[in-house]
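Single-letter residue listing:
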Amino acid sequence: MLPISETEMLMVNSYLVEVNPIFGSLCMILVVPFTISCMYYGSGFGTVCARNPWLGYLVVAVLIAIPRLAAAATYAIPSEEFQLYLVQLPVHLIACWTYQKSDTIWGPIFTLMITNLLSCLLVIFIL
């Protein structure tokens, strides 16, 4: 289910890392955390959390559900998209927490970098 990215429409992330371990892993570890952090945490969580922290967590939970619902409605199996959502939700909420505690976007970026690094290593060495 990991690394976390929004590229499932193009290619399964673990397959990308499996096929091209070096560049796939570099992309998932260095590029993806910046895009997801800006997309979800900077624009969604950060703006709402300043007024109401718990509402910020709810906004992120809804924002990350949108791509899953779109995939489930078009080409993917809905039950698999729901499972993917449930697996990735805790990581997103931890990233929100690190954003709230650090009061900077670097918290979630490093959270996703570490998560994606560990999952890339699992894909390369175990799968």
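Because the structure is a prediction, the values reported are computed rather than measured. (Residues numbered from 1 in each chain as written. Predicted model: local features only at pLDDT ≥ 70, side-chain atom pairs only at ≥ 80, totals over all residues. Heavy atoms only, no water.)

A.B. asks: So what's going on with the pattern of salt bridges? Residues and values would help.
C.D. replies: A complete count under the given rule lists one salt bridge for this structure. Linking R68 and E81 is a salt bridge whose minimum nitrogen-to-oxygen distance equals 3.3 Å. You can see R68 sitting in helix 3 (residues 53-74) and its partner E81 sitting in helix 4 (residues 78-102), a full 13 residues away along the chain. (Salt bridge = Lys/Arg side-chain N within 4 Å of Asp/Glu carboxyl O. Helix = DSSP H or I, 4+ residues; strand = E, 2+ residues; numbered from the N terminus.)

A.B. asks: Break down the packing of helix 4 against helix 5 (residues 106-125) for me, with residues and values.
C.D. replies: For the pair helix 4 and helix 5, interaxial distance at closest approach is 7 Å and the crossing angle is 145 degrees. For the crossing formed where helix 4 meets helix 5, the hand is right-handed. When helix 4 is examined against helix 5, the residues V91, I94, A95, T98, Y99 and S102 are found in contact with a partner set consisting of G107, P108, T111, L112 and T115. Broken down by class, the residue content of the contact of helix 4 with helix 5 amounts to six nonpolar, five polar and no charged. (Axes fitted to C-alpha atoms, helices over the stretch in contact; angles between N-to-C directions. Left-handed = near helix turned anticlockwise from the far one by under 90°. Contact = heavy atoms within 4.5 Å. Nonpolar A, V, L, I, M, F, W, Y, C, P; charged D, E, K, R; others polar.)

A.B. asks: Mind laying out the packing of helix 3 against helix 4, listing which residues take part and the relevant values?
C.D. replies: Between helix 3 and helix 4, whose axes approach to 9 Å, the crossing angle comes to 150 degrees. The orientation of helix 3 with respect to helix 4, classified from their angle, is roughly antiparallel. Two packed elements cross with a definite hand, and for helix 3 against helix 4 that hand is right-handed. Where helix 3 approaches helix 4, its residues P53, Y57, V60, A61, I64, A65, R68, A71 and A72 are matched on the opposing element by P78, E81, L84, Y85, Q88, L89, H92, L93, C96, W97 and Q100. Across the contact of helix 3 with helix 4, the residue classes break down as 15 nonpolar, three polar and two charged. (Parallel < 35°, antiparallel > 145°, perpendicular 65-115°, else oblique.)

Remember that the coordinates give geometry; whether it matters functionally is a separate question.
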